[in-house]
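As a plain string of letters, each chain reads:
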Amino acid sequence: MQRIAERCASFIPRPSTVTALEQSVRDCGGGVVALDCHDGSGATALICWLAATRRWAFWLPEDDAGGGLAALCAQILALADLPIPLVPPIASRDALTLERLLAEAAEKRPTDDPLVVVVGRMPGDADVPVSPPLPVDLPPGVVVVLPATPDTQQPAIGAYFVDRVALEADEAWLADVAFHLSGNRRLATLLASRSQGSPLYLRLVIGLLAGRTLDMKRLPRGLNDLHQRWWEGLDGQGQALACVLTASRDPLPVSLAATLTGCDEGTIQRLVRRWGSLIERTDAGIRLYHRATRAFITATSGDRLASAHARFVELTLTRSNGAPERPGWQDEAALSHEFARHSALGGATMQAAISRVVQRAWVRAQERRTGTLSDAAVDGLWALRAAVENDSALQMVRAAALTGGLAFLARSLPPRAPAEVFAAAVDHGQPREATMKRIRAMIDQLPDGRDKALALRNLGEVCYALRMRAPAMRMLSEALDLEAPGPTRQWRDLHEETLVALARAAIGIDAPDTALGITTRIVHAERRGMIETEVVRWLIAHRRLSRAEEVAYAIAHPGNHDWAMAEVAIAHARAGDYERASLVLDTLRTATAVAWVTAELACDAARRGNPRAADRVMLLPNPALRDRALAQVARALIVQVAPETALEVARLIDDHETRARCLIDMALAHPPVAAQALDEAATAAIAVEGEERASVIAALAAAEAASGQFEVGMRMAALLPEGEERDRAHSRTAIALARRGDYTTAETVALTIADEDERGWALDELARILAANGRHREAFALAAQMSDDAARARLEADLAIAWARSGAAVAAHARAEQIAVPTERARAQAAIAQPLVESGARARAFVSIADVLPPDVRSRYLLAAAQALAAHGLPDDAEEVARLIPRPLERARALVATAHAIIKQQDVQRAHRLLGQAFLTVAPLGRTETLQCIGWAADALALIGGAELLLTVAAALDDIDSWLVG
């Protein structure tokens, strides 16, 4: 509001521009309207005046102190009078929140009264570590007005400009502005003629004339000439002060500016008086008034600007005696706020300084100074950006993990606000369940802790008073859990899943000991045991059986331990060491694992032609496990040994259902014994009791049909009660016929099924069988006969994907475009992107992107395309596609995939840069997204730094997590 008041104080509106802009806003129907202008043309002043005189929302990114998006969301809530006037905690870093609020507000506006948002210029690359998140999708009825240069074709918000309004000034209006500022009509006319259309020129030149910095007889022409003349007239002290003020975004106290430039305060005061309107004076100090001046100095000063940043860092370290995290040193507030920024922009010599901001002491100091973790999170982003530029993989991951965690912990919401908003919404007639769902979603964005527990408790109490007892009790219970000491399960799970990804990456580069070292940091026994089992399998595959046995024996989780030891026992036996296998088998405590090992070894013996393969299985004490093992052995014996022996083993099965199904499988696997096996299966099936009897008879009927006894199978199905059970038998019969190759009869049987769900399932399976046998067009024709729209679309998507992977990517892509359900169409197109790339039809992969309009769907599609291009060895194309992805998570994942492909081409530096961009994309979103990205990048990190990097990254994540929780 301070900036709006300052700009409006001397603003004179241009009627023609205001009229043209208002006309464009009314007529465009929604979208982005460009204010075509250059720096110094008065765009910010016009935006401030519009914000002050219209019921339009506004956002001034250069002056918002990081809270502009949240403030914009609050304005939209108020202007549209939305039913839940609560700004979500993630609003300041998530453009999707703003998109949803804009859509909701637009629905409430009449068609002739659009919701208008005026947006100022975006901050420069040296002002913020990452650009603010911007909405990519504007609903109808929302108009965004933002300044742009005339040659800008792609807006920062939305997809394209719907209209452009030129911000041009005539000399008469400029003369009025100059007269308003100077009070001299003759001078005003002269200055207007030399301003080249820039109101900023008028303000600056009048101030410089008043300070006698410019000669009235040698007036510069235009803003750039004005800056050039002023700069050339500066001595060394003046240029040093200009560089220092350009380096600082915050106002500087005069005393601090004097110290940084090596001048006395009197000299600074004299220079400030002479520079007039180039300087903005505030209660906090002095700074350059306009971005155009800062841009000129940046372009002109060369390396001197980096030296100015370095002087800030050096002074901070000097004033704090080398410990800027401690309190009470001179100018602490002014110097600590931008310490991370100056360190990142101060050049390579500032690496030691930037490393301080990712340490616990600095984070705690910033929290003490500001009362929140937001500034510490911004500092972490600067540290991450510096690590990306300096090719330090470990520091990059460490800064990303810390920043993501701090961004998450910095989210806040007044604990009483959700309950008060919910009570007010219910009083005004809003639906309880829908309102509750939205407010709960906002509370879920908060970090686990006291504030979240209070919010849940307050909301639970309101729900209880409104007789919503079930949700009330759930929230009160959850609040109690959150107040328990230590990290929550969700916090720990995210951390450990990232460690799992790092461990798997270690296995992928043949470093099993490193993987085991990483797993020692995993507390959850089953999760740790899962990775240890994967290590055991790697060791078995590389014939290191003794080491595999050691690792398996050391697994703490009982279930994982037994199953890993079971795999080791089988590996010993298959290597010929039956004695060792027997010793390992004797250590197993789980009956299921013992039965599995016994069955596997018996099947191995059966496949070698041993007729006594089932003898050891008969020793299993558990009847159910013994029956299942005997069935496995019988199936293995049917091909390698005499069928009579296999049938004898099947007859040893006590359970009727297990024996019947085993005999059915044997009949299908070995047609010569089909008749005998099916006769015995029928005898067993008759003895089956309970709910399973119908499914066994259905399987038997299908087997009869598949064995050439179609009529017998149909008569058997007719024995079942009419309705669901008989329909199931018919569907299984149709599938069995199709697998035998009798597609016509199979389709006929399927279409006679009365039950719609069972018929749909049968047609689905038949279509998949046809596709698997290369009859794709027949499969699509069969799918068209399904009555359920969603099921049909799902099947058509799967068929299109299968067709593409079989080598007909272009035809499959064309067929996928005909799928009626948008989500299934998008899924198919995304999956087909890789086959298209592999077949050389890259252009075809992007034909339908314009039609896939929703940003979420477009993001998934482009992600698949980028991954396909990267996997196909086209990282340049993959990177280009990745940068088109609107949603940050998908964009980050595509960048990681591209980096992985580039590493394989030995361009580690470029891969490091892409990984850094991925981390910079997701770190502001929060801890969950950042840890996900680190997990995605684990394989790439393994290729960059090997096993040592993975171990140090795991240690760094542990270190950060331990004190973030604390």
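Calculation criteria
- In this convention, every chain numbers its residues from 1, walking through the sequence in written order.
- At least 70 in pLDDT is required for a residue's local features to be given in this predicted model, at least 80 for side-chain atom pairs to be given and counted, and no such filter applies to totals for whole chains, interfaces and linings, which use all residues.
- Note that the side-chain values use all heavy atoms of the structure and ignore hydrogens as well as water.
- Patch construction takes residues with relative accessible area above 30% that form no salt bridge. Like charges are linked within 9 Å, and nonpolar side chains (Val, Leu, Ile, Met, Phe, Trp, Tyr) are linked within 5 Å.
- Using a 1.4 Å probe, accessible areas were evaluated by the Shrake-Rupley method; residue-level cover was limited to the displayed protein chains.
- Salt bridge, as used here, is a side-chain nitrogen of Lys or Arg placed within 4 Å of a carboxyl oxygen of Asp or Glu.
- When charges are counted, neither His nor the chain ends are considered; positive counts come from Lys and Arg and negative counts from Asp and Glu.
- The atom standing in for a charge is NZ when the residue is Lys, CZ when it is Arg, CG when it is Asp and CD when it is Glu.
- Counting from the N terminus, the helices are DSSP H or I runs at least four residues long and the strands are E runs at least two residues long.
- Working convention: axes come from line fits to C-alpha atoms, limited for helices to the stretch in contact. Angles between N-to-C directions cover 0 to 180 degrees.
- Here roughly perpendicular refers to angles of 65 to 115 degrees, roughly parallel to angles under 35, roughly antiparallel to angles over 145, and oblique to all remaining angles.
- For any helix crossing, the convention is left-handed if the near helix is rotated counterclockwise from the far helix by under a right angle, and right-handed if that rotation is clockwise.
- Throughout, a residue-residue contact means that at least one pair of heavy atoms, one from each residue, lies within 4.5 Å.
- A cavity here means a set of points on a 1 Å grid, drawn over the protein atoms and nothing else, where a 1.4 Å probe fits but cannot get out; a pocket is an open set with protein on both sides within 12 Å along at least five of seven lines, and a residue lines either one if it has an atom within 4 Å of a point.
- Grid points are joined across faces, edges and corners, and a volume is the space filled by probe spheres set on the points.
- All residues other than Ala, Val, Leu, Ile, Met, Phe, Trp, Tyr, Cys, Pro, Asp, Glu, Lys and Arg, Gly among them, are scored as polar; the first ten of these are nonpolar and the last four charged.
- When DSSP finds two or more bridges between two strands, those strands count as paired.
- Where each domain begins and ends is defined by an automated method or by a domain database.
- The cut-offs for exposure are 20% and 50% of the maximum accessible area for each residue type, with area from a 1.4 Å probe on protein chains only; residues under the lower value are buried, those over the upper are exposed, and the others partly exposed.
- Here, nonpolar core means buried Ala, Val, Leu, Ile, Met, Phe, Trp, Tyr and Cys residues that are tied together by side-chain atoms lying within 4.5 Å of each other.
- The length a helix should cover is 1.5 Å for every residue beyond the first.
- Under the rule applied, a polar contact is a pair of N or O atoms within 3.5 Å (in protein, one hydrogen donor and one hydrogen acceptor; residues adjacent in sequence only if both atoms are side-chain atoms).
- We call Phe, Tyr and Trp rings a pair once their centres come within 6.5 Å, taking the six-membered ring for Trp, and we label the pair stacked below 30 degrees between planes, edge-to-face above 60, and tilted otherwise.
- Any Lys NZ or Arg CZ found within 6 Å of a ring centre and within 35 degrees of that ring's normal is scored as a charge over the ring.

The next point concerns a negative patch on the surface. On the surface, a cluster of negative charge is made up of Asp-755, Glu-756, Asp-757 and Asp-788. Mapped onto the fold, Asp-757 is located in helix α40 (residues 756-772).

With that out of the way, let us pick up the packing of helix α6 (residues 171-182) against helix α8 (residues 199-210). At a minimum axis separation of 10 Å, α6 and α8 run at an interaxial angle of 30°. One finds that α6 runs roughly parallel with respect to α8. Every pair of crossing elements has a handedness; the one defined by α6 and α8 is right-handed. On α8, the residues touching Trp-173, Leu-174, Val-177, Ala-178, Leu-181 and Ser-182 of α6 are Pro-199, Leu-202, Arg-203 and Ile-206.

Turning next to empty space enclosed by the protein. Scanning all chains against the criterion turns up four cavities of 30 Å³ or more. Its boundaries defined by the atoms lining it, the largest cavity holds a volume of some 330 Å³. In terms of lining residues, the largest cavity is bounded by 24 residues, among which Gly-42, Ala-45, Pro-199, Leu-200 and Tyr-289 are the most central. Tallied by class, residues from the lining of the largest cavity come to 10 nonpolar, seven polar and seven charged. Volume-wise, the second largest cavity comes out at about 60 Å³. Lining the second largest cavity are Ala-401, Gly-405, His-495, Arg-927, Thr-930, Leu-931, Leu-957, Ile-960, Asp-961 and Leu-964. Those elements that provide at least two residues to the lining of the second largest cavity are α20 (393-409), α50 (927-936) and α51 (938-965). Examining the composition of the lining of the second largest cavity, we find that four residues originate from one element, α51, more than from any other. In terms of residue class, the lining of the second largest cavity is built from five nonpolar, three polar and two charged.

Strand order in this open sheet of five strands is β2-β3-β4-β1-β5, and the pairing throughout is parallel. Strands at the two margins of the open sheet, each flanked by one partner only, are β2 (57-59) and β5 (161-166). Averaged over all neighbouring strand pairs, the angle between strand axes comes to 20°, with direction disregarded. Pairing analysis gives six bridges linking strand β1 (residues 31-36) to strand β4 (residues 142-148), with the strands arranged parallel. Looking across to β4, one finds that Val-32 is bridged to Val-144. Each of β1, β3 (115-119), β4 and β5 touches helix α2 (residues 15-27); the most contacted strand, β5, lies at about 170° to it.

Before going further, it helps to spend a moment on the domain arrangement of the protein chain. When cut into domains, the protein chain gives domain 1 (1-168), domain 2 (302-409) and domain 3 (416-485). Just the C-alpha atoms count here: the centres of domain 2 and domain 3 sit 38 Å apart.

At Gln-196, a position not held by glycine, the phi torsion is positive, near 55°. Residue Gln-196 is classed as exposed on the basis of its relative accessible area of 63%. We note that Arg-543 has phi near 60°; this positive angle belongs to a residue other than glycine. Owing to a relative accessible area of 78%, Arg-543 belongs among the exposed residues under this scheme.

Residues Leu-384, Leu-502, Leu-915 and Phe-919 are the most contacted members of the largest nonpolar core, which totals 115 residues. In terms of residue count, α51 provides more of this core than any other element does, 12 residues in total. Residues within four places of Leu-915 in sequence aside, it is in contact with Met-396, Val-896, Ala-899, Ala-937, Ala-940, Leu-941 and Ile-944. If you look at the next biggest cluster of nonpolar residues, it comprises 55 residues, including Ala-188, Leu-202, Leu-214 and Leu-260.

This paragraph deals with the pairing of β1. For β1, a buried count of six out of six residues is recorded, marking the element as mostly surrounded by other parts of the structure. Looking at chain direction, β1 and β5 are connected through five bridges and run parallel. If you follow Val-32 over to β5, its bridge partner there is Phe-161.

Below, the discussion takes up helix α34 (residues 656-669). Between its terminal C-alpha atoms α34 stretches 20 Å, which fits the 20 Å expected from 14 residues at 1.5 Å a residue. Regarding α34, the residues found buried are Thr-658, Arg-659, Ala-660, Cys-662, Leu-663, Ile-664, Met-666 and Ala-667. Two or three places before Glu-657, at the start of α34, stands the capping residue Asp-655, its side-chain oxygen 3.4 Å from that residue's backbone nitrogen.

Two numbers describe a pair of aromatic rings. These are the distance of the centres and the angle of the planes. Throughout the structure, instances matching the rule amount to seven aromatic pairs. For the pair Phe-780 and Trp-803, a centre-to-centre distance of 5.8 Å together with 50° between the ring planes defines the contact as tilted. With Phe-780 in helix α41 (residues 776-783) and Trp-803 in helix α42 (residues 789-805), the pair connects residues that are 23 residues apart, well separated along the chain. By relative accessible area, Trp-803 is classed as buried at 8%. Taken together, the ring pairs connect Trp-230, Trp-231 and Trp-275 into an aromatic cluster. Its guanidinium or amino end placed over the ring of Tyr-289, Arg-203 lies 4.0 Å from that ring's centre, counting from NZ or CZ. One Lys or Arg, Arg-469, reaches over the ring of Tyr-464 and ends 5.4 Å from the middle of that ring.

Here we come to the side chain of Glu-796. Secondary-structure assignment places Glu-796 in helix α42. Residues within four places of Glu-796 in sequence aside, it is in contact with Phe-780, Ala-783, Arg-815 and Ile-819.

Time to look at helix α27 (residues 525-541). Taking 1.5 Å per residue, 17 residues should reach 24 Å; α27 reaches 24 Å between its end C-alpha atoms and fits that length. Within α27 the residues assigned to the buried category are Arg-527, Arg-528, Gly-529, Ile-531, Glu-532, Thr-533, Val-535, Val-536, Trp-538 and Leu-539. Where the residues of α27 are buried, they touch α25 (489-508), α26 (512-519), α28 (545-554) and α29 (558-574). Following α27 by one or two positions, Arg-543 adopts a phi angle in the positive range, close to 60°.

Moving on: the environment of Leu-795. Of note, Leu-795 is situated in helix α42. According to the relative accessible area criterion, Leu-795 is buried, its value standing at 0%. Once the C-alpha coordinates of Leu-795 and Leu-588 are considered, the two residues, 207 residues apart in sequence, prove to be 44 Å apart. Setting aside residues up to four positions removed in sequence, Leu-795 forms contacts with Leu-763, Asp-764, Ala-767, Arg-768, Ala-783 and Met-786.

Another point: the environment of Ala-865. Relative to the assigned elements, Ala-865 resides in helix α46 (residues 855-871). Residue Ala-865 is classed as buried on the basis of its relative accessible area of 1%. Through-space distance from the C-alpha of Ala-865 to that of Leu-50 is 43 Å; in sequence the pair is 815 residues apart.

Moving on, we come to the environment of Leu-499. Here Leu-499 is to be found in helix α25. Residues Leu-499 and Leu-260, spaced 239 residues apart in sequence, show a C-alpha to C-alpha distance of 45 Å. Beyond its immediate chain neighbours, meaning those up to four positions away, Leu-499 contacts Ile-518, Arg-521, Ile-522, Ala-954 and Asp-958.

A few words on the packing of α42 against helix α43 (residues 809-816). Axis separation between α42 and α43 bottoms out at 7 Å; the angle between their running directions is 165°. With respect to their mutual orientation, α42 and α43 come out roughly antiparallel. The crossing of α42 and α43 is left-handed. Within the contact between the two elements, α42 uses Glu-796, Ala-800, Trp-803 and Ala-804 and α43 uses Ala-809, Ala-811, Ala-812, Arg-815 and Ala-816. Its residues assigned to classes, the contact of α42 with α43 comprises seven nonpolar, no polar and two charged.

Let us look at the pattern of salt bridges. Side chains that differ in sign of charge can pair as their charged atoms come close. One pass over the full model with this rule turns up 63 salt bridges. For the salt bridge of Arg-385 with Asp-125, the shortest nitrogen-to-oxygen distance reads 3.4 Å. Of this pair, Arg-385 sits in helix α19 (residues 374-389) while Asp-125 is found in the loop between β3 and β4, placing the two residues 260 residues apart along the sequence. Residue class for Asp-125 comes out exposed when judged on its relative accessible area of 59%. Linking Glu-692 and Arg-661 is a salt bridge whose minimum nitrogen-to-oxygen distance equals 3.9 Å. Note that Glu-692 is positioned in helix α36 (residues 692-706) and Arg-661 in helix α34, a separation of 31 residues in sequence. Classification of Glu-692 by relative accessible area gives partly exposed; the value is 36%. Among the charged side chains, a network of salt bridges with common partners joins Arg-489, Arg-492, Asp-493, Glu-496, Glu-497 and Arg-527.

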